[in-house]
Each structure stands twice: as structure tokens, then as C-alpha cells.
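Summary of structural features
Chain by chain, the residues run as shown.
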Amino acid sequence: MGDMSNSDFYAKNQRNDSDQVAGFGCSVMELRSLMELRSTEAVVKIQEDYGDVEGMCTRLQTSPTEGLTGDQDDLDKRKEIFGKNLIPPKKPKTFLQLVWEALQDVTLIILEVAALISLGLSFYQPPGDSTGAYCGAAAGGGEDEGEAEAGWIEGAAILLSVVCVVLVTAFNDWSKEKQFRGLQNRIEQEQKFQVVRGGQVIQLPVADIVVGDIAQIKYGDLLPADGVLIQGNDLKIDESSLTGESDHVKKEANRDPMLLSGTHVMEGSGRMVVTAVGENSQTGIIFTLLGASTEEEEKKEKKDRAAEDAHRNTVKKQDGAAAMEMQPLKSAEGGETEEKEKKKPSGSKKEKSVLQGKLTKLAVQIGKAGLLMSAITVIILVLYFAIDNFVLQGLQWLPECTPIYIQYFVKFFIIGVTVLVVAVPEGLPLAVTISLAYSVKKMMKDNNLVRHLDACETMGNATAICSDKTGTLTTNRMTVVQCYVADVHHKLIPDPGVLPPKTLDILVNSIAINSAYTSKILPPDKEGGLPKQVGNKTECSLLGLVLSLKRDYQTVRNQMPEEKLYKVYTFNSVRKSMSTVIKLPDGSFRMYSKGASEIVLKKCNHILNEVGESRVFRPRDKDEMVKKVIEPMACDGLRTICVGYRDFSCNPEPNWEDENNILTDLTAICVVGIEDPVRPEVPDAIQKCQRAGITVRMVTGDNINTARAIAIKCGIIHPGEDFLCIDGKEFNRRIRNEKGEVEQERMDKLWPKLRVLARSSPTDKHTLVKGIIDSTMTAQRQVVAVTGDGTNDGPALKKADVGFAMGLAGTDVAKEASDIILTDDNFSSIVKAVMWGRNVYDSISKFLQFQLTVNVVAVIVAFTGACITQDSPLKAVQMLWVNLIMDTFASLALATEPPTESLLKRKPYGRNKPLISSTMTKNILGHAIYQLIIIFTLLFVGEKIFDIDSGRNAPLHSPPSEHYTIIFNTFVMMQLFNEINARKIHGERNVFEGIFRNPIFCSIVFGTFAMQIIIVQLGGKPFSCKPLDLEKWMWCVFLGLGELIWGQVISTIPNSRLRFLRRAGQLSKKDNLPEEDANEDNEEIDHAERELRRGQILWFRGLNRIQTQIRVVNAFRSSLYEGLEKPDSRTSIHNFMTHPEFRIEDSTPNIPLIDDTDEDSARRKKIFSSQPTSPNKNNNAIDSGINLTIDTSKSAASSGPASPLHSLETSL
């Protein structure tokens, strides 16, 4: 990318360099080109240009220890010269663009065309007065009193209603976009970073960081800007987001000091001076290129394509790869918008959410039915008209009559289209959007910050939650409550006078120096509150111990500032300990160490005795210590930490890189027991989860006794139940085979009973989540939610269906990988998320129940009416009004019902449950029958009942009749009252329960009622309505009220009678694989795929392998070839599976499961060798998973072990 730095593209940044150099010792461009260098090149360049990093700081007018002064003018000047730390967001779509998108709807286009034709024809007057004579009944009466001039009204009214629908849709999209941006900004503002200003460490919003700031970086940070490392401890960075290299890069001030924005700190800590922000940082450059290349392309396409093509391609090639890999720097809009852009090209990795899958399928089913009905309607109308006029009456088709006939045909066409419009539920996506957007907004109040909309709905189906312990189930206010020091086990913190002074000194030094200097205890915010713990909570508890021993850790730190620390081994998940080496005044070295007690004690060969002298610490002493001290502490639910030290001589200086020899032969100082009390609201929340059919599992790094004690306090396990509490080692022993590969069958024996997994590594967490998701034991696939806060939880959070990151304690990496951020780190907020998720699902079901009733009735009425009376009883414009009520308004009214506690009293629905339950089907059909009976009665005998003129068989353009107005009005009244019925979908009796808790619902119902009065009384010709008197209005309302009574009748019919209506909107196994996920390209195996049986999984997963094998196994007939050579045709795969010759009998398994014969495995190796091994290390797990399933196949065939058929089946 270096060669691009001088392209014209950057010209705008080179605002007179001389001026910049005048203010500071280096210009934007210098720093930019510096940041493009790596490792030694960069070190050389810094030495040449600045002398060293200190020199660079001087030129940038900042101090490496004190940071910037924080003077506002200085900051503004820096922002002006070096830019702000934000990337300008992509422009949101304008309202007009959204209107244009809404107009792309096919049904609306058809309607517009029909309306325009109708308009055009209504203005056409056939020549002469003789038409009536020729054209027979077609030109029938009613055209006097200027009614002919009113022919244009229907077309205009349709156009108007189309405009309404479009505006409403566009407005909804626009507000959705606005809400989403608001959410982004909120996430954006919450991201803070630690910088040093005026010698004080402060937390700054990322956007306020300027060039020259000294930033403190630590494990788990997402770097917000480019910088040069001043001092680092064991710093390792994951630069894969920029370079694609999966290995962590070690950073040292004298080897590779370049730190780039958007990369993740995986280990260690340090300080850097910020050298480039916003658009000038490496991430920013790539984003600007991305934005620029798209804009340039648009412009170029308008100008000349050919000349520019070549240039554009080169730009693309150079930054394309990097751009696709980019992790976004938080732009002014927050990272997601870019993330979304970034993810598009890679094909949809995340499958559609369960709900979307079901809805799409349902909408397609309904759409097809609607299309069929509307086509039949049009055909019947045209045929009836033609036969009536040209056959029965024997009329000739005369040229001058053509416009009149065409006008009739257009009218038929419009009727057909309106049937289609009413049949297609465009309101579905709207309902989903409104419901999700509403929930997301409300969930913010419940401390759930939703990053991905569909996570909210997936959470309603969750069947398992794997939760961290620290901070989620517990308060994360760690305090030391017991300690073993100087050979005495103190149940309470001892008085400092009791301890030997020597031991006390070493202990205080060890704790103060061997902990991150960012961990501090600050005075409480308000009087009488608890002191504030900043930084790592475990370290804070130890610092608290120092304070309660009446010593001050800060004085020790001042004597030994961070720069003087000789070597730091930071804590990571492998070491499970942290050590710091310092140089003593006499030139020798001392290393302080602390960590999980069972790990550090193993490395101790000495211990300080009651007078502070070191004595030998034998293995049997260790065992006794474990039994007498550590286990009792752990059984009280305490986390145990051991503190130790070791002295080294100065010559020869030890090899600090050889960790194994350094971190041994320690002298133990003390063992402390740290308590992290359970949050008071957690036991109740967990009980709710268990009632709701959700299993809560605790996955923690603590030891097993502590974990079990806390699990009992929380109510995750109850004494006397059949459950498993195991640690990581035992877990791995049970799920892995001899080769060390995870076996799903072994996993399936374990996870249903597993409740607590202690001493687990991040990989264990990921393995557990993957194992539960992949399991095919239960009828429904498990939907797993995971909570995590550390960088290492990233993979598990990504793998889970819903990942919850901690808002307070979580690292940026964890938040980046999550779907929902818990802003208060509290488990009970997860329960709220479940409640909202279920509520979304129910809201949409309510809406569907209402909408489908209207659909069924409107379609049948329009269809039969048209066939029998040549004209739909509900006119096009009326249909569009009904469509507006039932789509837009109903989705608003029913999608904003607030959740109730009762949602948590039922089990999760599961992925295969049809969207429309049998109760709902019963309601839909029941209400449809009632409405149809009423409407047909009114249609055929209405004029006799009300003693009015019949509206049937009215000629073209005749004035609206009272008869049809009553039908329309009654229809709308029935919908309004049925909307109240639709509030309950589980067959509850009281449909009014909690209706006033939802003001939106009430206002929409009353608003629609008022609008209906206006339409009927004042609508006139456009709405084909004639004003009604009070008595007729009362009848319409009375017939509508009948809906509520009829609803009670329907509730009494038992569902068992209605066995035949079960399957609408169900995702069958095959459809569960959404179309766009057919590219099973790599690593992420689709969730839906897991639904399929093991054999079919292998078919889908390994089509290539099977093809390879097929080629090897030439013994097969060609017919089989055809079935397999077309991987697209899934049916062929299914046929192949059920092919009589290849049906696998389980009766006589004559193949050993794992230890196959050698020749067989050799052949298998040969077959598989044609498939390249995965280049990415991270894929191995998946690869091994696949091979493993292949190895342990249970297939048994009648063929002998050497036959080709046998080898194919083994691979199954």
C-alpha cells in the first residue's frame, strides 16, 4: 500500500505542509507514511527521522509519561491539523430514495399501470351517439347526470392510495434507519479508551483521542488509532483484521513498535503515542478507499468507462483484499454499518433467523395462492362478459365499441389486481420490523443493547444459556475474606501486628508491584459508599487486602514505576498466573508471582514460616495444604489465589524467555480466599429461566469447589438432583477419543446433565457451545445463548446463536463478537431479553392471525362476488383501504404489545414449530366463516333486509349504492372487532386483558373507526360510498360486535377436532436450509444443516468428497453418477439416500467402529488425500469433526469390507 500514499487521492490532506511543520515537528503525511512501515524498517525510520520514540514525542509536543496537558486550544489545533478520530459515515438514504425503493413493489406497479389505463380510457369519448345501440348491455345506463365525467375518479383514487401505501412504507424504513443510527451512536459513545493527560489516567470517548495522546493499552482492547509503542510488557497483537495473518504478532519498542487501529490486544499491556487518527489511520485509509472507489465508480460510469477501467481495477486489486479483511475502526456511526457492508460480499454467513425463514416461506405460500385466485378471477370475469355479450346476445365486436369493451377489461384487470393486493401480506415485513424496532428500543431500558436485530427474536427460542460466573452471576466486587499466611489459616483478615514484619513487607511489595498499574482502588463516589474498584477486580481485591493491612500500595508503586519493571509475564489463559521481575539495588533479580492456587503451589518448593523465614515445602505438605486450606476455602465458595516470589542472581543473567525454568522453584508467601458474592436478583432470575424451559449452565475458570458452591447459591443445581459438575480436564477426557478429536456421540452423553464446567479454557467453552448446537439428540435443535466478557470468549460468543457481552467488564473484542451487550452485566437482564424475544414472536403471530382472516375473507368475497355478480362487492379503492388498516395499522397495533411475565411460563417454541399454531388456524377459519356468512347474506338478500335498491349488476361508472356501502362498512367493522380478538393467540378467554397498557393499540382502533366514518359519510365516488343513516350504522357496528361473541364460541371448540390444520408456515427439514446458504463454502456449518440427520449432513457437507469417492469407486452404475454430479439438485441427493441398494441396515453391523482394517484406512486416506487440508489453523477443529464422523460411522452393509461400496459407506 506504500506506493499509493502519493496518489492524487490524498492531495486534500496535504494542506500546506510547511504550516503544519511550523506547529509540530512532523506533518500528517510523514506520520502516515511512517505507519505504513513494519518491524525493523519502522525502527530504522524512527531512528533516522526522530532519534527515538522520545524524540518523536518531543516533536509532537507531548510527554511519554505525562501525556498531553489537556489544554482545549491545543486539542482543537491538533484536531484541525491531524484530523479527528472518526471516519465520516456513509450518507443515509434520503427519503426520496426510500420512496423510490417502496415503488419497486410488483403489485403496486401492476396497480399503477391498471389505474393509468383506467384514467386514460375514462377520458376517451367514443365518437357519435350511436354507441348504445351497437354495444348492447355493455354500454348500459346510469351514465347520465355527468357521471361519465366521474369515470376518472376510480383510477385517480387507486393512484392516491398507492401513494399512501408508498409513503407509509418509506416513512417506516426511514424511521427504522434513524433508530438504527441512533443506536449506533449510543454504542459509539459508550466506547472509551484509557489515555494519560496531565499525568492522570483518564477514560476518553474514542472520538476524542488526538495525535500525540499517550494511550494505555491492555489485554482485550481494540486499538482506536495508529500509534508507536513506547513501552510494553509481553505485548501480543492480533493483526488478522488488517493483514489476514492469524498468528499473534509480538510487539516490542525496539523490534516492532507499530500498533495499528482496528487490531486486537491479545496479551500484555503497554503505552503508545498516537500518531494517526480517523481517516489517516490504516483502517481509515482503507475505508476511505472503499468509499472512494464506490463513489468514483459511480462517477466514472457516467463519464467514460473504457479509459478508466484499467485504473479502477488496479485500485481494486491493491486494496480489495485488505479491505475485505478490515475490522472497522469505530466510525462516527459505530462499527456496525461498516460491518454490514463488509459482510455482504462474503455471502450470507449467518443464516436467516428462524422467524425470517418461517415468514418468508409463509409469504411465498400466501402469495402463490393469491396469484392463482386473482388470475382465475380475471379469467372468469372476461369469459363471462364475452359469452354473455357475443354468444348469448350474438353481438358483433364493432371497432367503435372497442374502447368501451377495453374499459370493461381494464375494470376486470383492476379487480384481479386488488384481489392479489389483498392476498399478499406486505404487512408481514413491516410487522416484523416494527415489532423488532419497538422491542429493541424498550430493551435499552432493560439494559440490553441489541447490536443485531434478529438476536432479539432468536433469544425467545433459547433453550440453553451458558453463563460466566464472575460479574454475571456474582457482583464482581471481589474482597479477600480469608488468608493463610505464616503457617496460620486466618478466617478473618488478621491485624497487621500479628504477621512477621518480613513476610508483611514481601507480601505488600508482591501485591503492589505484581499487578497491572491500571488496577486501583479509588475513594467512593458518594459518602458512605463502597470504595470504587478500577481495573482487574481480582487484583483490586488483593490491593484491598494491602489497604486493610494498613499499608499503602501507591507508595510502593511510586518507588518502582512501571518503566522500571524488568520483565512482565502477563496473565493469559495458558499460564493462569502473572509474574513481574524487578532488579534489586544490589543488581540481583526478584520475581513476584501470583495465580490460581493449585497452579502456583505446584511450582513452590519453599514457603515462608511463622517468623518469615523460608522453609522447604514438600509434596506431602502441598497435599495437606490443599486438604486443610484450599478445599475448605473453595467449599465456602471462595476463589483461592497463591502469592509467591523467587530470587535470581545477576550473573549469569537468567534466560527470561525460557519460561518453564523461570516460573519454578518459587517460595510461597500466602494463599488468600477471595469472595465474589452472588447478585441478590440472580437466584430468582435463574428460577424463571428453569420454569421457562431454559437450562442454565455455568462455565467458569474457577476451581470446581468454588464453582459448585456458587452454583448451589444461585439455584443452578439443587442438592439431590442428577447433574454433572466437572472441570475442563475431565470434560476433555470424556468428549475426546484416543486421537484427541471431539466426538459428537461422547458429547451427547455428557451435555444434557452438565450444569457446571469449572477451570475451563476458552476453547472448552467454544467446544461445549458447538457440541450443544450440533447435537441431534433432541427433536428440536438446541438454541444456545452465551455470556462472555474476555477476549478469549470471542469464538464462543460468535458460535452461539445469541452472544451476550458484558457492557462494563467486557473487552472490546467480546463486544465486537456479541449480538447483545448487557449494559449492567447482570444475569437478570438476560431473562428480560428472553421475555422480549418471546414477545416478538407472539406479536407477529397475533398480527398473522388477524391478517390472514382478512386475507381469506377479502379474497373469497372478491372472487365469488366477481364470478356471480360481474363486479367485486369491495371496490379497488376500498380494498386498498382495508389493506392499509390490516397491514400498516394492525402491524403497529399488534406489534407493540408489551410483554408479560406469563410469557416465561411456557416452554420455548423451537425451530420446527409452525408459525401458525392449530389454535390460530382454528381462529382464522372460524372468524372467516362468520364474516363470509354475514357478507354473503348482505350481498344477496341485503336489499330486502334494509329495504334499499340492490347494488348488484350495476353498469360501469354507475353511482355508488347504499347496498354495497353497507357491505363495505360491515366488513371494516368486523375487522376492527376481530383485531381485539387477535390480541390473544393461545385460546385465552379474556381478550381485553391489559388492553389499556398499550395506548398505541387503543389509539389505532379508535383512529381507524373515525377514519371509516369519514370515508363512508364523505368518501363519495372515489371510495364508492354513499352516506348511511344512523340506523344502518348501528346495524354495521352490531354485526361487527358479533365478532367478539363469536370469538368466545370458537374458543370452546377443542383443538383435537381440527387435526387436519397443522402445517402452515412450518419449516420442513429441507427448507430449513435457506437458499442463499447453499454455498457451503467453509468453516461455518449452517445451523439449519444440523437439523438434518447425520447421513444427510454428510451429504450436504461433503458433496465434493463424495464426488471424489464416486470417481474412485467406478463400480457404480451411471444413473448414480447423474444423481451425484449435480450437487445443486437436492432431490437427487435425497433419492440417492433412499435408493434401495444403499439403504443402510443397522441390523448386523459387521464393521468395527473405530479400528478399521489397515487396508481400509489406507484406502480412505487415499480417497481423502484429494481434498486439500484446510490452510487456516482454526479450521482444524471443523475438519477433524468431519473426519471423525466419517470414521466412527455406524453404517453397516452387507458388502465385504474390501468392496468399493463398503468404502463409500464407511465414509458416510
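All figures in this text were calculated on a predicted structure; none of them were measured in a lab. (Residues numbered from 1 in each chain as written. Predicted model: local features only at pLDDT ≥ 70, side-chain atom pairs only at ≥ 80, totals over all residues. Heavy atoms only, no water.)

Things to note about the overall build of the chain
Along its length, the chain carries 44 helices and 26 strands. Across the 1212 residues of the chain, 56% fall into the buried class. The contacts of the chain with a sequence gap of at least 6 include a subset with a gap of at least 24, amounting to 74%. Accessible surface, the chain: about 52000 Å² in total, of which carbon and sulfur atoms supply 58%. (Helix = DSSP H or I, 4+ residues; strand = E, 2+ residues; numbered from the N terminus. Buried < 20%, exposed > 50% of the residue type's maximum accessible area, 1.4 Å probe, protein only. Contact = heavy atoms within 4.5 Å. Areas by Shrake-Rupley, 256 points an atom, 1.4 Å probe, with all protein chains shown as cover.)

Notes on a positive patch on the surface
Judged by side-chain charge, K178, K441, K442 and K445 come together as a positively charged surface patch. The biggest single contributor to the positive patch is helix α16 (residues 427–445), with 3 residues. By the element assignment, K445 lies in helix α16. Residue class for K445 comes out exposed when judged on its relative accessible area of 65%. (Patch = residues over 30% accessible without salt bridge, like charges linked within 9 Å, V, L, I, M, F, W, Y side chains within 5 Å. Salt bridge = Lys/Arg side-chain N within 4 Å of Asp/Glu carboxyl O. Lys, Arg positive; Asp, Glu negative; His and termini not counted. Charge placed at Lys NZ, Arg CZ, Asp CG, Glu CD.)

Quick word on a nonpolar patch on the surface
Together, F95, V163, L167, F171 and W174 line one region of the surface with nonpolar side chains, adding up to about 440 Å² of accessible area. Here the nonpolar patch takes 4 residues from helix α9 (residues 152–190), the largest share from any one element. With respect to the element layout, L167 can be found in helix α9.

Some thoughts on the side chain of K1032
Here K1032 shows up in helix α36 (residues 1030–1052). Judged by its relative accessible area of 10%, K1032 falls in the buried class. In this structure the side chain of K1032 is engaged in a polar contact, spanning 3.3 Å, whose partner is the side chain of E962. Look past the residues within four positions of K1032 in its chain and what remains in contact with it is F946, I948, E962 and I966. (Polar contact = N/O pair within 3.5 Å; in protein donor to acceptor, adjacent residues only side chain to side chain.)

Considering unusual backbone geometry
The linkage connecting N651 with the following residue, P652, adopts the cis geometry, with an omega of -5 degrees. A positive phi is found at N447, a non-glycine position, where the angle reads about 65 degrees. Tracing the backbone through its elements, the reader meets N447 in the loop between α16 and β8 (448–450). Of note in this structure, R759 is not a glycine but carries a positive phi near 45 degrees. Tracing the backbone shows R759 in the loop between β23 (754–758) and α28 (762–774).

Digging into the packing of helix α18 (residues 501–513) against helix α19 (residues 537–548)
Here α18 crosses α19 at 145 degrees, and the two axes come no closer than 9 Å. As α18 packs across α19, the resulting crossing turns out to be left-handed. Together, V508, I511 and A512 of α18 and L542, L543, L545 and V546 of α19 make up the contact between the two elements. Taken together, the residues of the contact of α18 with α19 break down into 7 nonpolar, no polar and no charged. (Axes fitted to C-alpha atoms, helices over the stretch in contact; angles between N-to-C directions. Left-handed = near helix turned anticlockwise from the far one by under 90°. Nonpolar A, V, L, I, M, F, W, Y, C, P; charged D, E, K, R; others polar.)

Section: the confidence of the model for the chain
Per-chain confidence: the chain averages 75 in pLDDT, with 73% of residues scoring 70 or above. Segment residues 128–133 is flagged for pLDDT under 50; beyond a separation of four residues in sequence, or across chains, it makes 3 contacts in the model. (pLDDT = per-residue confidence, 0-100.)

Notes on the pattern of salt bridges
Throughout the structure, instances matching the rule amount to 40 salt bridges. Measuring nitrogen to oxygen at the nearest pair gives 3.4 Å for the salt bridge that ties R271 to E563. With R271 in strand β7 (residues 264–276) and E563 in the loop between α20 (553–559) and β14 (567–569), this residue pair connects regions lying 292 residues apart in the sequence. Given a relative accessible area of 6%, R271 falls into the buried group. Here E730 makes a salt bridge to R734, at a shortest N to O gap of 2.8 Å. Placement of both E730 and R734 in helix α26 (residues 728–735) is noted, with a separation of 4 residues, approximately one turn of the helix. The exposure class of R734 is partly exposed, given its relative accessible area of 33%.

What about the environment of A253?
Within the fold, A253 resides in the loop between β5 (248–251) and β6 (258–259). For A253 and Q231, which are 22 residues apart along the polypeptide, the C-alpha to C-alpha distance reads 6.0 Å. Ignoring any residue separated from it by four or fewer positions in sequence, one finds A253 in contact with L229 and I230.

Here we look at the sheet that holds strand β9 (residues 464–467)
The 8 strands are arranged β8-β26-β25-β24-β9-β21-β23-β22 in an open sheet whose pairing can be described as mixed. Looking at which strands have only one partner, the edges of the open sheet turn out to be β8 and β22 (724–727). Between one strand and the next, the sheet's axes are offset by a mean angle of 20 degrees, whatever the strand orientation. As defined by bridge partners, strand β24 (residues 784–788) adjoins strand β25 (residues 802–806) across 4 bridges and the pair is classed as parallel. (Pairing = 2+ DSSP bridges.)

Quick word on helix α25 (residues 704–714)
All of the buried residues along α25 are N705, T706, A707, A709, I710, A711 and C714. Where α25 is buried, its residues meet α22 (619–635), β19 (639–648), α24 (682–691), β21 (695–699) and β23. For α25, the capping residue at the N-terminal end is N703, with a side-chain oxygen 3.0 Å from the backbone nitrogen of N705. Downstream of α25 by one or two residues, G715 has phi in the positive range, about 90 degrees.

With respect to the nonpolar core
Counting 124 residues, the largest nonpolar core has M459, I716, F804, F827 and L848 as the members making the most contacts within it. Among the elements that take part in this core, helix α31 (residues 827–869) stands out by supplying 20 residues, more than any other. Sequence-distant contacts of M459, defined by excluding residues within four places in its chain, comprise I465, A785, V802, F804, I830, A833 and V834. (Core = buried A, V, L, I, M, F, W, Y, C linked by side-chain atoms within 4.5 Å.)

Remarks on the environment of V273
In this fold, V273 is placed in strand β7. A sequence separation of 58 residues divides V273 from A215, and the C-alpha atoms of the two residues are 6.3 Å apart. Setting aside residues no more than four positions away along its own chain, V273 makes contact with V53, C57, L60, T62, G212, D213, I214, D226, G227, V228 and I230.

With respect to the packing of aromatic side chains
Taken as a whole, this structure holds 14 aromatic pairs when the rule is applied. Seen from their ring centres, F171 and W174 are 5.9 Å apart, and the 35 degrees between their planes marks the pair as tilted. Of this pair, F171 and W174 both sit in helix α9, 3 residues apart, which is roughly one turn of the helix. For F171, a relative accessible area of 46% puts it in the partly exposed group. (Phe/Tyr/Trp six-rings, centres within 6.5 Å; stacked < 30°, edge-to-face > 60°.)

Looking at the pairing of β25
Side-chain positions along a regular strand alternate between the two faces of the sheet. Counting buried positions along β25 yields 5 of 5 residues, so the element is predominantly enclosed. Of the two faces of β25, both are covered, the one formed by V802, F804 and M806 as well as the one formed by G803 and A805. A crossover connection joins β24 to the parallel β25 through helix α29 (residues 794–799); in handedness this β-α-β unit is right-handed. Across 3 bridges, β25 lies against strand β26 (residues 820–822) in parallel orientation. Within the sheet, the bridge partner assigned to A805 lies in β26 and is I821. In this fold, the crossover linking β25 to β26 by way of helix α30 (residues 812–817) has right-handed handedness. (Right-handed = clockwise from strand over helix to strand, strands pointing away.)

Observations regarding the packing of helix α33 (residues 918–946) against α36
Two elements in contact, α33 and α36, have axes whose closest approach is 10 Å; the angle formed by their N-to-C orientations is 150 degrees. Overall, the two elements α33 and α36 adopt an arrangement that is roughly antiparallel. Crossing of α33 against α36: the hand is right-handed. Of α36, the residues touching α33 (which contributes K922, N923, G926, H927, Y930, Q931, I934, L938 and F946) are K1032, W1035, L1039, G1042, E1043, W1046, G1047, I1050 and S1051. Looking at the contact of α33 with α36 residue by residue, the class counts come to 8 nonpolar, 7 polar and 3 charged. (Parallel < 35°, antiparallel > 145°, perpendicular 65-115°, else oblique.)

Some details on a negative patch on the surface
Judged by side-chain charge, D71, D73, D76 and E80 come together as a negatively charged surface patch. Structurally, D73 is set in helix α5 (residues 72–82).

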